[in-house]
Amino acid sequence: MWIPIQINENSAEPLYHQIETQLRSLIISGGITEGTLLPSIREFAGDLKCSVITVRRVYQDLENEGLLRTRQGTGTFVSHVGEGAMEEYKREAVSKALESAVDVGLSVQCSAEELTRIFTDIVKSKYNKQG
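Calculation notes
Residues numbered from 1 in each chain as written. Predicted model: local features only at pLDDT ≥ 70, side-chain atom pairs only at ≥ 80, totals over all residues. Heavy atoms only, no water. Helix = DSSP H or I, 4+ residues; strand = E, 2+ residues; numbered from the N terminus. Expected span 1.5 Å × (residues − 1). Buried < 20%, exposed > 50% of the residue type's maximum accessible area, 1.4 Å probe, protein only. Contact = heavy atoms within 4.5 Å. UniProt positions renumbered as here; feature names shortened; annotations may be inferred. Pairing = 2+ DSSP bridges. Polar contact = N/O pair within 3.5 Å; in protein donor to acceptor, adjacent residues only side chain to side chain. Salt bridge = Lys/Arg side-chain N within 4 Å of Asp/Glu carboxyl O.

## Quick look at unusual backbone geometry
Okay, step 1: The backbone phi angle of K49 is positive, close to 55°, even though this residue is not glycine.
Okay, step 2: Checked against the element boundaries, K49 lands in the loop between helix 2 (41–48) and helix 3 (52–64).
Okay, step 3: Of note, the phi angle at Q109 is positive, near 60°, even though the residue is not glycine.
Okay, step 4: With respect to the secondary-structure elements, Q109 resides in the loop between helix 4 (83–107) and helix 5 (112–130).

This is how it looks when you write it as structure tokens:
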């Protein structure tokens, strides 16, 4: 199975974190459904052109969160993700992004009103493109 993970080699963010964040997002958003068999650690590492240790860490972290389960001799599968977990993840992901945006606004001395106007303009622009 091909998993759409994009790695940015120039990012300061560690490779395992980039992979883990994107895989978590795909699972929680339903992009990869419950029961899906993921590639073996070795196969996934080959696809991503990274270390087996990196992928093992991602799988272990997501298994510890309850998003994956491994069956000896069978492979690693996506676990059931409840509706509450999906909503919490969405809220957390958007909150982190907005918090970063506000930090940038503060660093360039934007007022709360300016930030709100910019945010509103962007939301209107993005959602009008979808409709």
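So that's the structure; there's more coming.
## Some words on helix 1 (residues 15–28)
Okay, step 1: For helix 1, built from 14 residues, the straight-helix expectation of 20 Å at 1.5 Å per residue is met to within 8% by its first-to-last C-alpha distance of 20 Å.
Okay, step 2: Among the residues of helix 1, those classed as buried are Q18, I19, E20, L23, R24, L26, I27 and I28.
Okay, step 3: At its buried positions, helix 1 is contacted by helix 2, helix 3, strand 1 (68–71), strand 2 (75–78) and helix 4.
Okay, step 4: Within two residues after helix 1, G30 carries a phi angle of roughly 90°, on the positive side.

## With respect to the UniProt feature "domain: HTH gntR-type" (unreviewed entry) in the chain
Okay, step 1: Within this structure's numbering, the places UniProt gives as "domain: HTH gntR-type" (unreviewed entry) are residues 13–81.
Okay, step 2: As annotated, residues 13–81 has a helix share of 51% and a strand share of 12%, and its two end C-alpha atoms lie 26 Å apart.

## Things to note about the pairing of strand 2
Okay, step 1: In the sheet, strand 1 pairs with strand 2 via 4 bridges, with the strands oriented antiparallel. From the neighbouring strand, R69 faces strand 2, where its bridge partner is F77.
Okay, step 2: The loop that links strand 1 with its antiparallel partner strand 2 comprises 3 residues; one of these, G73, has a positive phi angle of about 80°.

## Quick notes on the side chain of S79
Okay, step 1: By the secondary structure assignment, S79 is in the loop between strand 2 and helix 4.
Okay, step 2: Among the polar contacts listed, one links the side chain of S79 to the backbone oxygen of G66, at a separation of 3.4 Å.
Okay, step 3: Among residues more than four places away in sequence, those in contact with S79 are E34, G66, L67, L68 and R69.

## Let's talk about the pattern of salt bridges
Okay, step 1: Following the criterion strictly, the structure yields 5 salt bridges and no others.
Okay, step 2: The salt bridge partner of R57 is D61, with a shortest N-O separation of 3.9 Å. You can see R57 and its partner D61 sitting in helix 3, 4 residues apart, about one turn around the helix.
Okay, step 3: Of the residues examined, R57 reaches a relative accessible area of 39% and is grouped as partly exposed.
Okay, step 4: Overall, D61 belongs to the partly exposed group, its relative accessible area being 24%.
Okay, step 5: Across the salt bridge formed by E87 and K90, the nearest N and O atoms sit 3.5 Å from each other. Of the two residues, E87 and K90 both sit in helix 4, 3 residues apart, roughly one turn of that helix.
Okay, step 6: The class for E87 is partly exposed, based on a relative accessible area of 41%.
Okay, step 7: Each member of the salt-bridge network shares a partner with another, and the members are E20, R24 and E65.

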